[in-house]
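So you can see what is in the structure, the chains are spelled out below.
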Amino acid sequence: MTVLVTGGTGYIGSHTVLALLDAGYEVLVADNFVNSKPEVLHRMAELAGREIPFVRADLCNNKDCDALFSEYSFDAVIHFAGLKAVGESVAKPLEYYSNNLISTLNLLKNMQTHGVRDFVFSSSATVYGDPASVPITEDFPLSVTNPYGRTKLMIEEMLRDLYKAHPEFNIALLRYFNPIGAHKSGRIGEDPFGIPNNLLPYVAQVAVGKLREVSVFGNDYNTPDGTGVRDYIHVLDLAEGHVAALKKLETGCGLVTYNLGTGKGYSVLEVIRAFSKACGKEIPYRITDRRPGDIAQCYADASKAQKELGWQAKYGLDEMCADSWRWQSLNPNGYDE
Ligand code: NAD
Ligand code: UD1
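Residues numbered from 1 in each chain as written. Chains lettered and ligands numbered in written order. Predicted model: local features only at pLDDT ≥ 70, side-chain atom pairs only at ≥ 80, totals over all residues. Heavy atoms only, no water.

Before going further, it helps to examine the pairing of strand 2 (residues 26–31). For strand 2, the tally of buried residues reaches five of six residues, placing the bulk of the element in the interior. As paired elements, strand 1 (residues 2–6) and strand 2 share five bridges and run parallel to each other. In the strand pairing of strand 2, Thr2 is matched with Glu26. With helix 1 (residues 11–22) bridging strand 1 and its parallel neighbour strand 2, the resulting β-α-β unit is right-handed. Note: strand 2 against strand 3 (residues 54–56), three bridges, orientation parallel. Counted as the bridge partner of Ala30 is Val55 from strand 3. (Buried < 20%, exposed > 50% of the residue type's maximum accessible area, 1.4 Å probe, protein only. Helix = DSSP H or I, 4+ residues; strand = E, 2+ residues; numbered from the N terminus. Pairing = 2+ DSSP bridges. Right-handed = clockwise from strand over helix to strand, strands pointing away.)

For the rest of this paragraph, the subject is the site of ligand 1. In the neighbourhood of ligand 1, 28 residues make up the surrounding shell, with Ile12, Asp31, Asn35, Lys84 and Tyr148 lying closest. At 2.8 Å from an oxygen atom of ligand 1 is found a main-chain nitrogen or oxygen belonging to Tyr11. Between an oxygen atom of ligand 1 and a main-chain N or O atom of Phe80, the distance comes to 2.8 Å. For ligand 1, whose unbound accessible area comes to 810 Å², protein coverage reaches 95%. Every element with two or more residues in the shell around ligand 1 is listed here: helix 1, strand 5 (118–124) and helix 6 (147–165). It is strand 5 that contributes the most residues to the shell around ligand 1, three residues altogether. (Near = heavy atom within 4 Å. Polar contact = N/O pair within 3.5 Å; in protein donor to acceptor, adjacent residues only side chain to side chain. Areas by Shrake-Rupley, 256 points an atom, 1.4 Å probe, with all protein chains shown as cover.)

It is at 11 Å that the axes of helix 7 (residues 199–207) and helix 9 (residues 268–279) come closest, and there the two elements cross at 40 degrees. One way to sum up the angle between helix 7 and helix 9 is to call them oblique. Judged by the twist between their axes, the crossing of helix 7 over helix 9 is right-handed. Residues Leu199, Leu200, Val203, Ala204 and Ala207 of helix 7 form the contact with helix 9, whose participating residues are Val268, Val271, Ile272, Phe275 and Cys279. Its residues assigned to classes, the contact of helix 7 with helix 9 comprises 10 nonpolar, no polar and no charged. (Axes fitted to C-alpha atoms, helices over the stretch in contact; angles between N-to-C directions. Parallel < 35°, antiparallel > 145°, perpendicular 65-115°, else oblique. Left-handed = near helix turned anticlockwise from the far one by under 90°. Contact = heavy atoms within 4.5 Å. Nonpolar A, V, L, I, M, F, W, Y, C, P; charged D, E, K, R; others polar.)

Here we take up the site of ligand 2. Inspection of the region around ligand 2 gives 18 residues, with Ser124, Ser215, Arg230, Arg291 and Asp294 positioned closest. Here an oxygen atom of ligand 2 and a side-chain polar atom of Asp294 are 2.6 Å apart. Protein chains bury 86% of the 730 Å² of accessible surface belonging to ligand 2 in isolation. When residues of the shell around ligand 2 are assigned to their parent elements, the largest contribution, three residues, is made by strand 8 (residues 214–217). By residue class, the composition of the shell around ligand 2 is eight nonpolar, seven polar and three charged.

Turning our attention to the nonpolar core. In this structure, Val3, Val17, Leu20, Ile52, Leu174, Leu246 and Trp311 are the most contacted members of the largest nonpolar core, which totals 45 residues. With eight residues, the top contributor of residues to this core is helix 8 (residues 235–250). Excluding residues that lie within four positions of it along the chain, Leu174 makes contacts with Val120, Phe121, Ser122, Ser123, Ser124, His242, Ala245, Tyr258 and Leu260. Counting 24 residues, the second-largest nonpolar core is a separate cluster that includes Leu28, Leu68, Val77 and Leu159. (Core = buried A, V, L, I, M, F, W, Y, C linked by side-chain atoms within 4.5 Å.)

Per the counting criterion, the structure on display carries 18 salt bridges. Taking the shortest distance from any N to any O, the salt bridge between Arg160 and Glu156 comes out at 3.1 Å. With Arg160 and Glu156 both in helix 6 and four residues apart, this pair spans about one turn of that helix. The partly exposed category is assigned to Arg160, whose relative accessible area is 22%. Residues joined by salt bridges that share partners form a network here, namely Glu156, Glu157, Arg160 and Arg175. (Salt bridge = Lys/Arg side-chain N within 4 Å of Asp/Glu carboxyl O.)

This is the structure in structure tokens:
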């Protein structure tokens, strides 16, 4: 069975491609490198012990997208491709709406024409907005506060409508919590362009000496130590979650929705301490104002995925930090040698 992996040279995609190959799937990776680098393909090939079938394609470009479906054959699509920076989405909403929505529409139209029925979508815990309580189950009300989140929610709605009209589709909406960590080899990992927005890559760059100190965005939240609490999940666990979701789709399950998280929340200060332990250095930090739009806490009830997919996250925070640190320390400049 062959899987088209869009955005397969990105952070989560690259780890998932390796998990798919390990599980015996064939893959075809499509990416336009808008947020990734060609070097990752060499590293993936080295880890897989084989070439990674790859097509450079912008999925928003009809010609590129049509060519994928007419020139190659595959049985399922995992759709990671998309723009993902919240702040940038506020500044450039049209770019986010066009890239995320048009790429998905192009893919779905081609799937319909070519009789490809199994689709896995990278959604996000951001679709729960500011949840009334934690842990969050899949039936919590949905709301969003920024254009990035809105593209995720709009695509979820599009997929629910598509499924109503065409129940022959099998669709998994996977709502990721906060992916961190890296491949055990230290050869692939998260390589953000510019100054990182997310906590883990920021902490890792402070640890390696590229940034001076971590700004802790507020310590007056209603949480045990006052700093924000999140459900950090190892990218390797997340990758396995996609393999499990694909297997579920193969049973003809229709449209399914799962939280992919660990079910445990950690505060910013706990993360900084765990990372300090992993790298054996103090991580300098300073408490600053809250970041606008941030919520106090967000963590999953991940029991539905456990029950229905037989999938459960197995790595804890210490191992996530150790693996992030291995990647960052071996590759201080990411994929740029
Ligand atoms: P990433 O930016 O590392 O990977 C996305 C990939 O998609 C990149 O390689 C980029 O070049 C590619 N891409 C973007 N637009 C494209 C287009 N039009 N045509 C072809 N390729 C295109 O991001 P990631 O962290 O691996 O996230 C993967 C998916 O998961 C995204 O959809 C993201 O929104 C979603 N997600 C990520 C997180 C997270 O914290 N990383 C959390 C929740 C959901
Ligand atoms: C981010 C995204 C969200 C996405 C989620 C999962 C933003 C605003 N939101 O949310 O859409 O679904 O990732 O990938 O980017 N923090 C600091 N200092 C920093 C960076 C972060 O204290 O330099 C804190 C934040 O306030 C938060 C926690 O660390 O409490 C995690 O932040 P981050 O990694 O950006 O993830 P989210 O805020 O969960």
